[in-house]
Each structure stands twice: as C-alpha cells, then as structure tokens.
Amino acid sequence: MNNTIQHLQKLTSKTIPSAIFFLVTLSSSLLYSASPTPLSQFHVRDQWNLGGTGGWGYIVLDAPAHRLYIPRTNRVMVVDTDTGKLLGEVEGMKNIRDIALDDSGKYGYVTDPTDGSAGFVRVFDRSSLKLVASVPTGAVPAAIVFDPSSNSVIAFNSHSHSATVIDATTNQVTATIPLAGRPGSAITDQSGTVFVTLPALGEIIRIDATAKNVSASWQLAPCTGPSGLAIDSVRHQLFTACEDHKLITVSSETGQIAAIADGPANAGDLDFDSRHNLLFVADTTGTLSIFRRESLLKYSRIQQVKTQPGARTMIVSQNDAKAYLVTSRFGQNTGAASEELQFRPTPIPGTFSVIVVGR
C-alpha cells in the first residue's frame, strides 16, 4: 500500500507542472489569437450640400429622431441624419444664434438678438416646425440650454451680462441671474446644474437651475479666454480650450483644473463622447482632432481628420461617435460694405454643407 502511494506522489509531482505549462501556453495562445482587431480610423463619411444663404449658429442633434437642427441667420434648417435631406425649416426669425431642445421631443428654443435692440427666445413646435411663442430676454441672447431637472430654459445674454430663466411649461420668465462678465459657451449636466464660460474673466461659473443663482465661480488661471465647453456628467468633468492652445479639464464638483493635452490653434466647438471615451475638437483650419481618454487626467491624440476650412461648428452623436460639422466655401464680400467687411471671408451662397465624420 505504501509503495502504491509513493508511486502516485512521484507521478503527480512530474505530471502537474507539465499540465500547468500546457494550460498556460494554451491560454496565452488563445488570448493572442482573440486579441481585438484595431478599430478603423475616423474619416469623412459623407458631405451633404444644403445650400442656401446666410451664416450659421451652434447646431444641436436629436439622435432618437435622427434630426440635426441648424440655425441659419433667420431660420432653422432641419436635416434627416439618415439621408442628409432637408426636412423643412423653421421661419420667422431675424438673427438667431443658438438652439436647445426639450426632453419631451415637442419643442425647440432659439436665441434671437434681432438687431440688438431687443432679445427673444423663440419657441417652435418640432412636429409642425412653426413658432409658438416669443419670450423677451436681456440684450443679445446667444448661448442657450434646456435643463430637464428644473424643466427650465436658460438664455445667456451677451450684452447685458445676465441669464434669463424661462419656465418651459408656461414660457414665462421666472428669474434673471446677473453675471460678472460676458457669457460664452454654456452646457448642462442634465441634473439641475448649468455651467457657462466667462471668457474675458478666464472663469467658469456654476448655476443652480432650481435655486436660480450662481452657486460657484472658478478661476481657470493659467488658462485664459476659455472657448467651447463639453461635459462628461458621469465622471463630473468639464472640458474647454484656452488661448494658449491647451485643453483643460475642470471638475464640475470642485472646480479643480488640469491640463490634459495640446489642442489646435483657433479651436472651435468641443464635444465629449462618454460612451467611447473620446474628446472631439474642431478648428477653423478644417481639422478635427480626436483624443482618447486613457485616465481622468491623461488624454492621447489618436487622429486628426481633414474636413474643410471653416468647419469649427460641431456636434457629436453619443450613439455611434459620428461628428457633424458645418461650413461653406468662402469668398470676398462684393456688396456695399465697410472696408473691414469687404475683405472679411464671406460664405458663398449655395455652398453650405454638413460634413459627417465617423469610423
């Protein structure tokens, strides 16, 4: 009996290491063969020529309805993102800047400074594409957000340095919040907090949409002239671009800042895709820079996509990481204008288009 046990012990001591080596080798081989195929590169997938005259403002995407809304001076173009076709236009406005959509799928809100003497938020029905209300604001409203938590629309007035809060149920002004300087880009975390840049002061301020007041103000030094604003609400991070071409992240809870990457000169819109951990930055030269988040404070530029000069206005779909950019070809102003305007690049009528970048 003892001899049998000793024989088994010797046999086991020899065969187990060999078995382990075989399993490790097999596992390594399987892991290597199962390693993921590298994702395809971003590229210009399509370009939709929409034509028309006039400039354009900030664009907004209704991904569930497959619609892209584009402010075009005195109207809003509504584009089908499946086909690239123009579905219709919201008319009856004068000099629109920015647009926001409610969370019910019913209404859209557009800032209209008119000629600068009076400001309005124009409310339109997204089914009929007809205006249903005009709400007075401060002087020269530009940025606008819809906050679902408080069911309010907040328009930021450039000349009067204030924010107009509107009840989305009644379309009545419920408060005017004074600001320390001219507001720039604005964004909401969808949970009752709104953020806006004050470029001349080098600040981002936080607004409590329910209390209707400024709850925090954060200096961004050494970052100056913050332009563009994006958010990752899940990880409480804001993103903006500085005049020195640095990209920074700002904690939406504490205001703590950190430089995360070198951005392009003349950065335009920024957008963050939290599903794929990608930060998109458009610029006036016609380059879309794409950064991947490696950690909360480390971002690597993975690609630059050539689009078209002037394509600095952008929105990104959180569903499929597609970026939509708008621009036109430019020429010299040949009409009656001042010398400055005469030599300023002017959109050529009929050349306005949407550029779609994706994998």
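Residues numbered from 1 in each chain as written. Predicted model: local features only at pLDDT ≥ 70, side-chain atom pairs only at ≥ 80, totals over all residues. Heavy atoms only, no water.

**Q** How do you make sense of the pattern of salt bridges when you look at a structure like this?
**A** Close approach of charged atoms lets side chains of opposite charge pair. Counting across every chain of the model gives eight salt bridges. Measuring nitrogen to oxygen at the nearest pair gives 2.8 Å for the salt bridge that ties D62 to R126. A residue pair is termed long-range when its members are at least 10 positions apart, and D62 in strand β2 (residues 60–62) and R126 in the loop between β8 (120–125) and β9 (130–136) qualify at 64 residues. Both residues of the pair, D62 and R126, count as buried. In this structure, D262 engages K246 in a salt bridge whose closest nitrogen and oxygen atoms are separated by 2.6 Å. Highlighted residues: D262 in strand β21 (residues 257–262) and K246 in strand β20 (residues 246–251), separated in sequence by 16 residues. By relative accessible area, D262 is classed as partly exposed at 47%. A relative accessible area of 33% means that K246 is categorised as partly exposed. (Salt bridge = Lys/Arg side-chain N within 4 Å of Asp/Glu carboxyl O. Helix = DSSP H or I, 4+ residues; strand = E, 2+ residues; numbered from the N terminus. Buried < 20%, exposed > 50% of the residue type's maximum accessible area, 1.4 Å probe, protein only.)

**Q** What's the story with the state of the cysteines in this structure? I'm lost.
**A** A covalent bond bridging the sulfur atoms of two cysteines is what the word disulfide describes. For the coordinates displayed, the defined rule picks out one disulfide. Through a disulfide, C223 is tied to C242; the S-S separation comes to 2.1 Å. Residues C223 and C242 share a disulfide whose torsion about the S-S bond is about -110 degrees; that sign makes it left-handed. Linking C223 in the loop between β17 (213–219) and β18 (227–232) with C242 in the loop between β19 (237–241) and β20, this pair joins segments that are 19 residues apart in sequence. For C223, a relative accessible area of 5% gives the class buried. (Disulfide = S-S within 2.5 Å.)

**Q** Please clarify how the nonpolar core should be interpreted in this entry.
**A** Generally speaking, nonpolar side chains in soluble globular proteins are found buried as a group. Counting residues in each nonpolar core, the largest one holds 16 residues, and the members touching the most others are I154, F156, V194 and I207. Elements with a contribution of two residues or more to this core: β10 (141–147), β11 (152–157), β12 (162–167), β13 (172–178), β15 (193–198) and β16 (203–208). The element that contributes the greatest number of residues to this core is β15, accounting for three residues. When sequence neighbours within four positions are dropped, the list of residues in contact with I154 reads A143, I144, V145, A163, T164, V165, V194 and A209. Membership of the second largest hydrophobic core comes to 15 residues, among which are F42, L288, M314 and I355. (Core = buried A, V, L, I, M, F, W, Y, C linked by side-chain atoms within 4.5 Å. Contact = heavy atoms within 4.5 Å.)

**Q** What should I look at first to understand the sheet that holds strand β3 (residues 67–71) in this one?
**A** Hydrogen bonds between backbone atoms are what pair the strands of a sheet, whose relative direction is either parallel or antiparallel. Taking strand neighbours across the sheet as the criterion, the four strands line up as β2-β3-β4-β5 in an open arrangement whose pairing is antiparallel. Each edge of the open sheet is held by one strand with a lone partner, namely β2 and β5 (86–90). Pairs of neighbouring strands in the sheet enclose a mean axial angle of 20 degrees, with direction left out of account. As defined by bridge partners, strand β4 (residues 76–80) adjoins β5 across four bridges and the pair is classed as antiparallel. Bridge assignment links V78 to a residue of β5, and that residue is G88. (Pairing = 2+ DSSP bridges. Axes fitted to C-alpha atoms, helices over the stretch in contact; angles between N-to-C directions.)

**Q** Quick question: what am I supposed to make of the sheet that holds strand β6 (residues 99–101) here?
**A** Reading across from one edge, β6-β7-β8-β9 is the order of the four strands in this open sheet, with antiparallel pairing throughout. The two strands at the open ends of the sheet, each matched to only one other strand, are β6 and β9. Taken over all neighbouring pairs, the strand axes of this sheet differ in orientation by 25 degrees on average, direction set aside. Of the strand pairs in this sheet, β8 and β9 are connected by six bridges, and their pairing is antiparallel. The residue bridging F124 from the neighbouring strand is L131, located in β9.

**Q** Looking at this structure, how should I read the side chain of T188?
**A** With respect to the helices and strands, the residue T188 is situated in strand β14 (residues 186–188). At 3.0 Å, the side chain of T188 and the side chain of D147 are in polar contact. Sequence-distant contacts of T188, defined by excluding residues within four places in its chain, comprise V145, F146, D147, T193, V194 and I231. (Polar contact = N/O pair within 3.5 Å; in protein donor to acceptor, adjacent residues only side chain to side chain.)

**Q** So what exactly am I meant to see when it comes to the environment of R293 here?
**A** With respect to the helices and strands, the residue R293 is situated in strand β24 (residues 287–295). Along the backbone, R293 and L279 are 14 residues apart, and their C-alpha atoms lie at a distance of 7.6 Å. Among residues more than four places away in sequence, those in contact with R293 are D232, R235, Q237, F239, F272, N277, K298 and Y299. A distance of 2.8 Å separates polar atoms of two side chains, one belonging to R293 and the other to D232. Here Y299 takes part through its side chain, which lies 3.3 Å from a polar atom of the side chain of R293.

**Q** Please explain the confidence of the model for the chain as it appears in this structure.
**A** Detailed reading of predicted coordinates is not advised where the pLDDT is low. Summing up the model confidence of the chain, the mean pLDDT is 89 and the portion of residues at 70 or higher is 86%. Per-residue pLDDT stays below 50 along residues 1–37; that stretch engages in one contact with residues further than four places along the chain or on separate chains. (pLDDT = per-residue confidence, 0-100.)

**Q** Explain unusual backbone geometry to me, please; I cannot follow it from the model alone.
**A** With the exception of glycine, most residues fall at negative phi, and the peptide bonds are largely trans. Cis geometry marks the peptide bond from A221 to P222, where omega comes out at 10 degrees. Along the polypeptide, P222 turns up in the loop between β17 and β18. The phi dihedral of L129 falls on the positive side, at around 60 degrees, and the residue is not glycine. Examined against the element boundaries, L129 turns out to sit in the loop between β8 and β9. Overall, L129 belongs to the buried group, its relative accessible area being 12%. Even without a glycine there, the phi angle at N151 is positive, about 50 degrees. Looking at the element boundaries, N151 is found in the loop between β10 and β11.

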